[in-house]
Structures are given as structure tokens and as C-alpha cells.
Amino acid sequence: MSSETDQMMRVCPLSQLARGDAMRLETRPPIALFHTEEGELFAIDDTCTHQDASLADGYVEGCEVECPLHASKFDLRTGKVDAPPAKLPVRVHTVEVLDGDIYLKESEEEPNLPPGITVDGHV
Amino acid sequence: MTTAPEKLAAQGTHEKISESLISTLPGYTYVDEGVFEAEQERIFEQMWFCAVRSADLEKPGSFKTVQIGRESVIVSCNRKGEIRAFFNICRHRGVKLCMEESGQAERSFQCPYHAWTYDLDGKLIAAPNLTKMPDIDRHEHGLVKVHIREYLGYVWLCLAEEPPSFEEDVMGAIEERLGDVHKIDGYDVANLSLGRRITYDVKANWKLIIENFMECYHCATIHPELTEVLPEFADGLAAQYFVGHGAEFGENIKGFTVDGSEGLDVIPGVAEDQDRRYYAITIKPTVFVNLVPDHVIIHRMFPMAADRTIVECDWLYLPSVVESGKDVSASVELFHRVNQQDFDACERCQPAMSSRIYAKGGVLVPSEHHIGAFHDWVMDQVGDVVPESSHGVRKEVR
């Protein structure tokens, strides 16, 4: 194990997340992990910054995920949102694959959660 | 439980009036709301119902909504190109999901009320705060599926929990008319292309339209063009009077066209003994099929009210004919005229159905007696419904 992975959380074997699939990790707050059709891995906060919807249930096209509820799109690389109703970005987390396993390092920024939601869920 | 004849005898319908005449259904069965509601519930919502042409739903997300009995149904194409059908109702608070008759869903069906969102297989994929309600099963609270069969290039739906046998009801109707269900195979109906579609909004009860389609006693009077092409229709015996009989084209008739001119390219699989002949099949409750050597005509009825039926009619030709842009108008025009003539006649019957003169119905002459079997079948389904008009309030004795 490198010192780098020491600070990282092992998620699951890469083989458990097929291309085109996404998974929601029940972290605080939840994180969405995407394996794109092109084979890239991305991790962002799972909860849309507009309303409590899971971005892991959204639609990935290229490097963007569209929220399944109101169609704001978030850039998987930067977390930026393209258009309302969501206005604030989601955080981006570091993902790496080592020895066939997915590792994740959570961003240290403050998350932008929608009204009524805390890192522990509903107020 | 009483058998059909006992029930009919008790109702005094379908009675033999003289050597030549048997009675039709009583007038109220064509106008009474209670009877129509029973038909919706026990016929259209129970049987296999031909809803949509499969080729109309080729793109993922493309959908149509159809009225089957009292229910609205979404028929759509999923991401893999497979057909799916659902009740057009959000599982949350009952909003009608799709208002349009047809359209293109982007990626999902989303309720416009609270944004409950379903994928193209009907699974609930998103809703506000859904992640905080992990006890909501996304399949169980997905859209309610409708049974599907694809046959002859059409999507057939059944709203019943336990659908009846498709083989017996649908394919059996073809077998009954042609004598052998495989006699339709040569027309390769599923692989033909749509040359023309005309939708008719008919102000008549669906049963009047079926009865009209089943007999040809009217042909020489209201269908001059058709009788010119099929001279044997002048004797009043419809192709549906027989088993396995196709009405033969007249001697100088080149094709099944409005003026007897040459038709389009003949469908290669049509057998020698089927050439230059016209076959007609009724598939209860709402489908008519016409087979001629160069095309197939499919009528789908959508009964909307006791006195209103929408009929969608498709003219299907070889794909090469449609792709080449060949003129099919003389071909379409023949049966389009027949349709107009028939539906005019049905609309002219409808108002009299509530007349006291027609309370016991009219009569069927021998060349129409086979319609009696249809009447028996109808009464077997809804013969117990007491008309509202006779009691002021609707009662069911079942």
C-alpha cells in the first residue's frame, strides 16, 4: 500500500461497477460514483444541490450527469452546474483504481446541500 | 350460471321471427351507458386489444397513448428497442402521465405534479426525497404493466390480470375465417410497410360497425366501386359468410383499386389460390383484416362512447412499394370509399337505436344470420345488464 491510499477509502472491486453504471455510497453526505461508457471513473456528491434527488439515478452523457428530477446537469470533472434550477456546484472527490479496487478520497470542502438536508439526511 | 341461449331466451333477443328472419340485438344495447360500461369492463378491458402498429414505436422513448375500455395506456419503446405498455397513471397521486396521443420521452416518464420519474421500463427511478424513503420498492411502485403480444406487426395489449389465450382468441379468429391460421402467413403482414393511414371519427356504436363489416347484403347498394371489383358481392353474401372463401375479382378487373386498374406489386408469399381474391376477417372485439394480393388493410377500432368509435385504418404494402414512392392512391381510394360509405350508414343507424320502434331491434335476413353468432357472444358478456332507460337506475342482476 502506498502512503497515498492510506488516506483513501476502499470502495469495491472495479469489476462490480460496469461501464455505464453508477452507485450511491451511503457516506455523510452520500457520494455518487460513476463509471462512464468511455471507461472513466468519477465521484461527486450524490445529492442535487436544488432538491433531494440522487444523481446516481441520473443520466450520464459524456462528462455530465443530468439530475433525474429537474434536468440540471453537473460536470463530473468540476462539479459545476450548467443551468437552473440547481445553482450551486457539487463537490468532486478523488477516485483511483489500485490492484483492481476502487479507492476514494472525500473532498474537504463544505458540501452544498439542498434546503432541509444536512450531511446526516433530513433536518 | 345460465348458458347463453337460456339467457337470450329470457331476454327475448335473437329470436326466430320467421323462416327468413331472426332478430338483431335490442336497440338499447347500442345506446345504453350501462351496457357500454359493461362492454368496456368485460370486453375491452379483458380481451386482447390491438392497440398500436409496432413500427410507430421504433425509437427509444417514442410512445403512444391509447384508450382501452375506461383506461388510458402508454405504449412505448424502451432503451433496447423493446415495446412496453403501462397504465397511464402516476403511482403517487394518480396524475395522468402523458396527455399527448403520441410523443417522444427524453429518457423517462415524469409526472408533472410531484416529479415522480419512471424509466422506459416503468421502474420508479427518482422522486423528490426518494433516497430518504428506502422502504419504497422502485419496482413495486413503478408503472403498472399491461400484458403485451406482438403479432402481424401490431402491439396487442391485455388489461386483464390473467389474459385469455391469444392463440385461441386472436389467431383462432383467423383460423375460423380462413380455415387455417397459416393461410395468412404468405401475406407476411408483420413485414409490410405503411402506405397510408386514415382515421375516422364515427358517431356510431362499435357493434354497428362490426355488424356492417360482417355482412354484404348492403354491398350492391352502398358500395358500387367494391361490387364492381368483386361482382359476387352483389348476391349479398360476404366473404365472412364462408370459411376459407375469398371473393374473386371480376373478369376485367386488374387490381383491387377504385377503378379496377392495375394494383401494386403482389406480395410474393400469396398462394396461387389466394391470388385475385379478397379475404376479410373480424378479430373480436375491435379488429378487421382485409387481405388482397398486393396489400393488407388493418382496421383498429377504439370505442370511445356508446355512440362514438374512432377507427384507425392502415393500408400496408411491400416495403419496396412504399420506399419507391409508387402512387397507392387508386388502391387506397377503394377501401377509403368503402369505409366512408359504411360509416355513413352506421351513423345513420345510430339515432334510431334509441327509438321505441327499435326497442326490440330489427331483423336479420338469411345472408346476415351469421351476425347472430356475434350477437350471442355480446349477450353472453353483457346480456345481464338492465338498461338504465327501463328502470331509471342501472341495475345488474349478475
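Since this is a predicted model, take the numbers as computed values, not measurements.

1. Remarks on the nonpolar core
Residue and element names in this part refer to chain B.
So, point 1. In terms of nonpolar packing, the biggest core is built from 108 residues, with Val75, Trp156, Leu157, Ile184, Phe256 and Tyr278 touching the most fellow members.
So, point 2. Counting only domains with at least three residues in this core, you end up with domain 1 (1–45 + 167–389) and domain 2 (49–150).
So, point 3. Those residues within four positions of Phe256 in sequence are excluded, and the remaining contacts are Leu226, Val229, Leu230, Phe249, Tyr278, Val292, His295, Ile297, Ser331, Leu334 and Phe335.

2. Description of unusual backbone geometry
Leaving glycine out, the prevailing phi sign among residues is negative, and the prevailing peptide bond configuration is trans.
So, point 1. The residue after Pro84 of chain A, namely Pro85 of chain A, is reached through a cis peptide bond having omega 15°.
So, point 2. Along the polypeptide, Pro85 of chain A turns up in the loop between strand S7 (73–75) and strand S8 (92–98).
So, point 3. Of note, the amide linkage connecting Lys284 of chain B to Pro285 of chain B takes the cis form, showing an omega dihedral of 5°.
So, point 4. As for its placement among the helices and strands, Pro285 of chain B is situated in the loop between strand S14 (277–283) and strand S15 (287–292).
So, point 5. Although it is not a glycine, Ala71 of chain A sits at a positive phi angle of roughly 65°.
So, point 6. Secondary-structure assignment places Ala71 of chain A in the loop between strand S6 (64–66) and S7.

3. Brief notes about the domain arrangement of chain B
All names here are of chain B.
So, point 1. Assigned domains of chain B: these are domain 1 (1–45 + 167–389) and domain 2 (49–150).
So, point 2. Residue-level contacts link 19 residues of domain 1 with 14 residues of domain 2.
So, point 3. Note on domain 1 versus domain 2: buried area summed over both sides is about 1300 Å², and carbon and sulfur give 50% of it.
So, point 4. Contact with domain 2 buries surface across domain 1, with Glu45, Arg300 and Phe302 losing the most and accounting together for 33% of the total.
So, point 5. Seen at the junction of domain 1 and domain 2, the total is four salt bridges.
So, point 6. Here Arg70 ties to Glu45 by a salt bridge, and the two come within 2.7 Å at their closest N and O atoms.
So, point 7. Our enumeration of links across domain 1 and domain 2 arrives at six residue pairs in polar contact (both at pLDDT 80 or more).
So, point 8. For the side of domain 1 that touches domain 2, the secondary-structure elements that each account for two or more residues are helix H2 (33–44), strand S12 (193–202), strand S16 (295–305) and strand S17 (308–317).
So, point 9. Of all the elements, S16 adds the most residues to the side of domain 1 that touches domain 2, at five residues.
So, point 10. The class makeup of the residues in the side of domain 1 that touches domain 2 is nine nonpolar, three polar and seven charged.

4. Details of the interface of chain B and chain A
By a frequent convention, interface size equals the accessible area lost on bringing the separate parts together.
So, point 1. Of the residues lining the interface, 15 residues belong to chain B; the matching set on chain A comes to 14 residues.
So, point 2. Taking both partners together, chain B and chain A bury about 1200 Å²; carbon and sulfur atoms supply 48% of that area.
So, point 3. Its largest share of buried area at the contact with chain A, chain B owes to Arg107, Thr131 and Lys132 of chain B, together 47% of the area lost on that side.
So, point 4. For the pair chain B and chain A, the interface holds four salt bridges.
So, point 5. Residue Asp57 of chain A is joined to Arg138 of chain B by a salt bridge in which the shortest nitrogen-to-oxygen separation is 2.8 Å.
So, point 6. Applying the counting rule to chain B against chain A returns seven residue pairs in polar contact (both at pLDDT 80 or more).
So, point 7. Residues belonging to the side of chain B that touches chain A are distributed by class as follows: six nonpolar, five polar and four charged.

5. Focus on the pairing of S16 of chain B
Residues and elements named next belong to chain B.
So, point 1. Buried residues dominate S16, accounting for nine of its 11 residues.
So, point 2. By the bridge criterion, six bridges tie S15 to S16 in an arrangement that is antiparallel. Looking at the pairing, Val287 lines up with Arg300 of S16.
So, point 3. Two successive antiparallel strands, S15 and S16, enclose a turn made up of two residues.
So, point 4. Relative to S17, S16 runs antiparallel, the two being bridged by nine bridges. Residue pairing for S17: Met301 is matched across the bridge by Val311.
So, point 5. What sits between S16 and S17 in their antiparallel hairpin is a turn of two residues.

What counts, and where the lines are drawn
Residues numbered from 1 in each chain as written. Chains lettered and ligands numbered in written order. Predicted model: local features only at pLDDT ≥ 70, side-chain atom pairs only at ≥ 80, totals over all residues. Heavy atoms only, no water. Core = buried A, V, L, I, M, F, W, Y, C linked by side-chain atoms within 4.5 Å. Buried < 20%, exposed > 50% of the residue type's maximum accessible area, 1.4 Å probe, protein only. Domains from an automatic or database assignment. Contact = heavy atoms within 4.5 Å. Helix = DSSP H or I, 4+ residues; strand = E, 2+ residues; numbered from the N terminus. Buried area = accessible area lost by both parts, 1.4 Å probe. Salt bridge = Lys/Arg side-chain N within 4 Å of Asp/Glu carboxyl O. Polar contact = N/O pair within 3.5 Å; in protein donor to acceptor, adjacent residues only side chain to side chain. Nonpolar A, V, L, I, M, F, W, Y, C, P; charged D, E, K, R; others polar. Pairing = 2+ DSSP bridges.

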